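Topology and contacts: notes
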Amino acid sequence: MHIIDRTYIDGKFIEPHGDEWAPLFNPATEEQIGSVRLADAQDADRAVAAAKRAFSTFSNTAKEERIDMLNRLHAAVLARTDDLACAMREEYGAPSNFIGFSAPRAGMVFLEMARTLKDYEFRRRMGSADVEMRPSGVAVAITPWNSNYSFICGKLSAAIAAGATMMIKPSEMSALQTQVITECLHAAGLPSGIFNIVTGYGNVVGAALTTHRDVSKITFTGSTATGRRIVQTAAATMKRVTMELGGKCPTVILDDADLEVVIPQVLAAGFRNSGQACIAGTRILAPESRLNEIEERLSHTVKEFRAGYPADDQVQVGPMVSQKQWDRVQSYIRLGQEEGARLLAGGEGRPEGLHRGWFVKPTIFTGVRNDMRIAREEIFGPVLSLIPYRDEEDAIAIANDSDYGLQAHVFSSDVERAKRVANQIEAGRVFINDAPHDPLAPFGGFKQSGIGREFGVFGLEAFLEPRAVLSLRYKYCAARGLRGIIFSTPRRPCGRGSRE
Ligand code: NDP
């Protein structure tokens, strides 16, 4: 049994004031594996006070000092890659293919942000003004359970690069991962208070942090519904917000695509992180002219996407994080059938041979119209919708007919054609032919998928505020015995009331 009874404030693991406990489960067995003691609003206040104290010094550190900190954080997280992987497997049930990507990448974001920081110019001359990019202040990061330590590292790396201090409130369902990542970050030996990590309920600690008057910036990853509430609350004190929210991402298969190659990639994009991913390609847009062939290939290839125990390397789809999430996904599988869609694969209940654990059958619906709820709402599980389209224009219209706009995929044998399509899709990121992730490319969504961007320069600037200084120098004009005013540009003759 894991007992997590400390919270991290002002550089120390301390006993929280909050005395409520939350159970932790292994979603593959449904067994309780531990308990976490939750912080409360008073702990949130202490964390803000520590971050505020640290801000005055940290916000004035030199770029080189912060690059050094980012490098130390990278090394400290990298050293615990295996522990992060174990915690994620035990507590969240992520399959090996996802853990294999996310655990080694967690520390990399610090290194990538250090590179961005190295080339970033904090001071610029704009017109007659000296503009300096200043850290936006004391920031709050709120993260969900589906990629716990990656979100923590991503958000913290940008705050450190900017010179902002931070409170982090992760989902309490990820307390094991939070414990390991906090130990890593602590081992980097940064000055106290620069980051503080308080696990607690969203409506208690999250609410206390996002309404706190000493907080000036919120970076949130989670559902659009919660994001909306936070933005409304933040407006009262004009806090800056970065919102990384939900998605219902389209995967457009163009009619010239090589289906042999593409179909496994389409399914991998749809079932990413067991379907518990905002970026999962859950709407598969298929040309009517090749619909039968695509249906056949999908129902054949989906058999390779096995659901099962995350420790098994052959497993592609792990369990849902909780009973609640399992129930929610099941309700959408029922809904799809009630709406008139046809099951091409999967369906309700557990996969064959699995009698315990919050496992879902990898499910594909065909005959889906884009106005059905299964095509419009984020299910957050391994449930895909196959939607036919007439021509390219229709495909783009369907892809864009969504409240969301986080990410999209386009598959084609003709990259230039795929780019033409990609350029018309309303999404923060469009991948052509399964191109790899690029850590310098901005990440974030159009429409209700969010506000702002993370990673690279955009991610750094999300924690910065430009301050323009427009200077004016008085000069005694000896010739006339008058005071003239000098602007640096443009130069004009000195005289009464004139500006030089
Ligand atoms: P939620 O929105 O329910 O929760 C996210 C975080 O917000 C949790 O830490 C939660 O705490 C906290 N929270 C809840 N209520 C409040 C509040 N009133 N004030 C402050 N914080 C609060 O999302 P889930 O945890 O269910 O995560 C899944 C969602 O995240 C999906 O919709 C998914 O699309 C989205 N997501 C977006 C990504 C992106 O980058 N765009 C990436 C990954 C996921 P608590 O756990 O205690 O409720």
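Note: the structure precedes this text.
The rules we used
- Residues numbered from 1 in each chain as written.
- Predicted model: local features only at pLDDT ≥ 70, side-chain atom pairs only at ≥ 80, totals over all residues.
- Heavy atoms only, no water.
- Buried < 20%, exposed > 50% of the residue type's maximum accessible area, 1.4 Å probe, protein only.
- Helix = DSSP H or I, 4+ residues; strand = E, 2+ residues; numbered from the N terminus.
- Pairing = 2+ DSSP bridges.
- Disulfide = S-S within 2.5 Å.
- Polar contact = N/O pair within 3.5 Å; in protein donor to acceptor, adjacent residues only side chain to side chain.
- Contact = heavy atoms within 4.5 Å.
- Arc of directions from axis to C-beta.
- Near = heavy atom within 4 Å.
- Areas by Shrake-Rupley, 256 points an atom, 1.4 Å probe, with all protein chains shown as cover.
- Salt bridge = Lys/Arg side-chain N within 4 Å of Asp/Glu carboxyl O.

Bringing the pairing of strand β7 (residues 129-135) into the picture now. In regular strands, side chains alternate between the two faces of the sheet. Counting buried residues along β7, six of its seven residues qualify, which places the element largely inside the surrounding structure. Connecting strand β6 (residues 123-126) to the antiparallel partner β7 that follows it, the hairpin turn spans two residues, and Gly127 within it adopts a positive phi of roughly 60°. In this sheet, strand β25 (residues 464-470) lies alongside β7 in antiparallel orientation, the contact comprising seven bridges. Bridging from a neighbouring strand, Asp130 pairs with Val469 of β25.

This part covers the state of the cysteines. Following the criterion strictly, the structure yields zero disulfides and no others. With no disulfide of its own, Cys86 has Cys184 as its nearest cysteine by sulfur position, at a separation of 12 Å. Using a relative accessible area of 45% as the deciding quantity, one classes Cys86 as partly exposed. In this structure Cys249 is not part of a disulfide, and its nearest cysteine sulfur, from Cys278, lies 7.1 Å away. The exposure class assigned to Cys249 is buried, which follows from its relative accessible area of 1%.

Mapping Ser449 onto the fold places it in the loop between β23 (446-447) and β24 (450-451). Side-chain polar atoms of Ser449 contact the backbone nitrogen of Gly405, separated by 2.9 Å. Setting aside residues up to four positions removed in sequence, Ser449 forms contacts with Met243, Glu244, Leu245, Gly246, Gly247, Asp403, Tyr404, Gly405 and Leu406.

On to helix α14 (residues 415-422), then. Residues of α14 that are buried: Arg417, Ala418, Val421 and Ala422. Along the axis of α14, the buried residues cluster in a sector spanning 140°; they form a single face. Looking at the packing, one finds that the buried side of α14 touches α13 (392-400), β21 (407-411) and β22 (429-432). Two or three places before Glu416, at the opening of α14, Asp414 has a side-chain oxygen 3.1 Å from that residue's backbone nitrogen.

Okay, the site of the ligand next. Taken together, 29 residues are adjacent to the ligand, and Glu172, Ser223, Leu245, Cys278 and Glu378 come closest. One of the side-chain N or O atoms of Lys169 is found 3.0 Å from an oxygen atom in the ligand. One nitrogen or oxygen atom from the main chain of Leu245 is found 2.5 Å from a nitrogen atom belonging to the ligand. Relative to its free-state accessible area of 910 Å², the ligand is covered by the protein chains to the extent of 86%.

Take the pattern of salt bridges next. The final tally for this structure, using the stated rule, is 31 salt bridges. A salt bridge links Arg467 to Glu132; its shortest N-O distance comes to 3.1 Å. Within this pair, whereas Arg467 is found in strand β25, its partner Glu132 is found in strand β7, the two being separated by 335 residues in sequence. Relative accessible area serves as the criterion here: at 43%, Arg467 is assigned to the partly exposed category. The class of Glu132 is buried, set by a relative accessible area of 14%. Residue Arg373 is joined to Glu377 by a salt bridge in which the shortest nitrogen-to-oxygen separation is 2.7 Å. Judged by its relative accessible area of 41%, Arg373 falls in the partly exposed class. Via salt bridges that share partners, Arg123, Glu132, Arg134 and Arg467 belong to a single interconnected network.

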